[in-house]
Amino acid sequence: MEELIKIKDLFVEYRVGGVVSNALNGLNLTINKGEALGLVGESGAGKTTTALSILQLLPQDVGFITNGDITYHGESVLTKTDKEMGDIRGAKISMVFQNPLTSLNPVFTVGEQIEMVLHRHNPKLNKNELKKRAGDLLEMVGIARYRLADYPHQFSGGMRQRVGIAAALACTPELLIADEPTTALDVTIQAQILELMKKLQHEISTSLVMITHNLGIISELCEKVAVMYAGQVIEYGTVKEVFTKTAHWYTYGLLNAMPKLSGERERLVSIPGSVVNSENLPSGCKFHPRCAHCTERCKTETPPLVNMSETHQVACWEARKA
Amino acid sequence: MRIVKYILRRIGFMAVTLLGVSIIAFALVRIAPGNPVELLLPEDATEEQINAMEERMGLNDPVLVQYFKYIGQVLKGDLGYSYRLNKSVSQLIAERLLQTAKLAVITLVWSTIFAIVLGILAGINRGKGIDVFSMMFSLVGQSVAPVWLALMMILLFSVKLGWLPTNGSSGWQCMIMPSLCNGLAQAVLVARLTRTGMADVLSEDYITATRARGISKMKVYSKYALKNALLPVVTIIGARIGHLLAGSAVIESIFVWPGMGQLLTQAIGQRDLQLVQSLLLVSAFMISLANLLVDILYTFVDPRIQLT
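Residues numbered from 1 in each chain as written. Chains lettered and ligands numbered in written order. Predicted model: local features only at pLDDT ≥ 70, side-chain atom pairs only at ≥ 80, totals over all residues. Heavy atoms only, no water.

What to know about the interface of chain A and chain B
Counting residues at the interface gives 27 residues for chain A, matched by 22 residues for chain B. Ranking the residues of chain A by area buried against chain B places A:Val107, A:Phe108 and A:Met116 at the top, with a combined share of 26%. For the pair chain A and chain B, the number of links is two salt bridges. A:Asp61 is paired through a salt bridge with B:Lys128; the nearest N and O atoms lie 3.7 Å apart. Joining chain A to chain B, the criterion identifies ten residue pairs in polar contact (both at pLDDT 80 or more). Elements that contribute at least two residues to the side of chain A that touches chain B include exactly α1 (47-55), α2 (82-88) and α3 (110-121) of chain A. The element best represented in the side of chain A that touches chain B is α3(A), accounting for five residues. (Contact = heavy atoms within 4.5 Å. Buried area = accessible area lost by both parts, 1.4 Å probe. Salt bridge = Lys/Arg side-chain N within 4 Å of Asp/Glu carboxyl O. Polar contact = N/O pair within 3.5 Å; in protein donor to acceptor, adjacent residues only side chain to side chain. Helix = DSSP H or I, 4+ residues; strand = E, 2+ residues; numbered from the N terminus.)

Set out below in structure tokens:
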């Protein structure tokens, strides 16, 4: 399978007022062409940071890549100029944002916002062609064409997310990064949006990175899954293997924390403790303070990602045997 | 349809405001000490002459009658007569308004361009040199009293350096100092607003989303963030237009600029009753009209605003 994006040993820091947060701490991840990858983890695990790093859109003067590399088709994105990245953003790699209520500009019509990306990457299109293409895109996501002239506040949350998806897919990107696209929406709308994304991903055969903390969405949409904790990938593999032959105790805890629909009613199990403080990371395995299987080694040495099988990797000294 | 209703209602409010201003202006010029007729006639005027003049000017009528006579006159479009200057008030205002408007337009243009450029530069470079400089500058600019600034500028540019004339209305050189004094406070206020607006907008999700569509920083600054950042600025500038057209009494007097403000100062000094009343009324009218226009304009700039 062809590699689209390869992230190698990536470290990202956020520096605000003298305080340093270590958002990513040696992240390794590969995204293959045509593949749908799920990225899961608790809030603060570094999922959005990973997405913004790929696009080189970390907040200016705040987010810094301190080590590692990200390659796109084998070329490093870190050395590209903003102009070169601009040609990639929206055309080759695009992104759907978490909160549809804040990710559309309130003073431009949705038409203008879809046309903006079309125009950026197809400067030869004239006004009428832009309008026609934007209308087609709106219809593709199930919104009537005449609504191009409306402003975001005239749409519901779900419809705004559809607009976001239309804009993201406008130039048929190779990779679509969806950053918790349904978190801000209510459950029935969530299902519609996911259905739409699944359909469109197949229609335009784009790769997909689905960032979420909803494991159900992963098993529905993705072939591969990467579980993140404290800015590292701690388990990676096919959805089937990771979910059935879970090797990392954190992943195991996450799966156990899901309520079950069948069988006897049980008390929900939660992972003890809380997410690591990224300003003051523990040594060794970042999960060790919360892990029931922690040993002395876990406290001092960081476990590397090792193969459990061809398609399943885990970073744990005391990996669970399934 | 809705907008017509809105405008009609606002015009109703304007009428009430102007009525209030007319009452206050009428009362104030009468409460102020000094007899307008004695100031008008030569010192050796006799009692009879004074009485005759008072009679002619209608000052012997009861106050209420005087007020309603004045209002009736205004409603017919006659702003009164200046006995002092021997001209109709409308004619005087027309002459002076032109001069004040000249100054206002110049002031508005330079202060707006200067403020927005400075504000954008500061907003996109928050915490850096240009930002610190612009914020210090605006702190000083807002704190300095225009009167003091005017005198200091005269001292420096006219007396010491001899670059600019101290007063007068002939030629563009005469407009530089009055315009700077009139516009500085507003310019730095608008610069601050633009800077804050820009900095806030740039941290919004929709700007990251815009960048994620491949739009360059320059395009974001000059178009997609700017429109949002300028919304509050429109209000402030609009409100200032009315004030600028009403003229600045202090600045125009210092620089002897023959505008509305200077006319008002003279009129008050000479107890020129109808001239003072009508000047205040016209100023109030222009300020309310500017506010109304800004509110209507706002609905076109910000689609989220609806007039009700």
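Topic: the packing of helix α5 (residues 89-124) of chain B against helix α14 (residues 260-269) of chain B
All names here are of chain B. In contact at an axis separation of 8 Å, α5 and α14 are set at 135° when each is read in the N-to-C sense. Between α5 and α14, the angle is such that the two are oblique. Only Met260, Gly261, Gln262, Leu263 and Gln266 of α14 make contact with α5, whose side of the interface consists of Leu92, Ile93, Arg96, Leu97 and Thr100. When the residues that make up the contact of α5 with α14 are grouped by side-chain class, the tally is five nonpolar, four polar and one charged. (Axes fitted to C-alpha atoms, helices over the stretch in contact; angles between N-to-C directions. Parallel < 35°, antiparallel > 145°, perpendicular 65-115°, else oblique. Nonpolar A, V, L, I, M, F, W, Y, C, P; charged D, E, K, R; others polar.)

Let's talk about the sheet that holds strand β5 (residues 75-76) of chain A
Residues and elements named next belong to chain A. The strand order across the open sheet formed by four strands is β2-β1-β4-β5, and the pairing between neighbours is antiparallel. Looking at the sheet topology across the chains shown, the edges are occupied by β2 (19-32) and β5. Pairing geometry for strand β4 (residues 63-72) and β5, over two bridges, is antiparallel. Residue pairing across strands places Thr71 opposite Ser76, the latter belonging to β5. Each of β1 (3-16), β2 and β4 touches α1; the most contacted strand, β1, lies at about 110° to it. (Pairing = 2+ DSSP bridges.)

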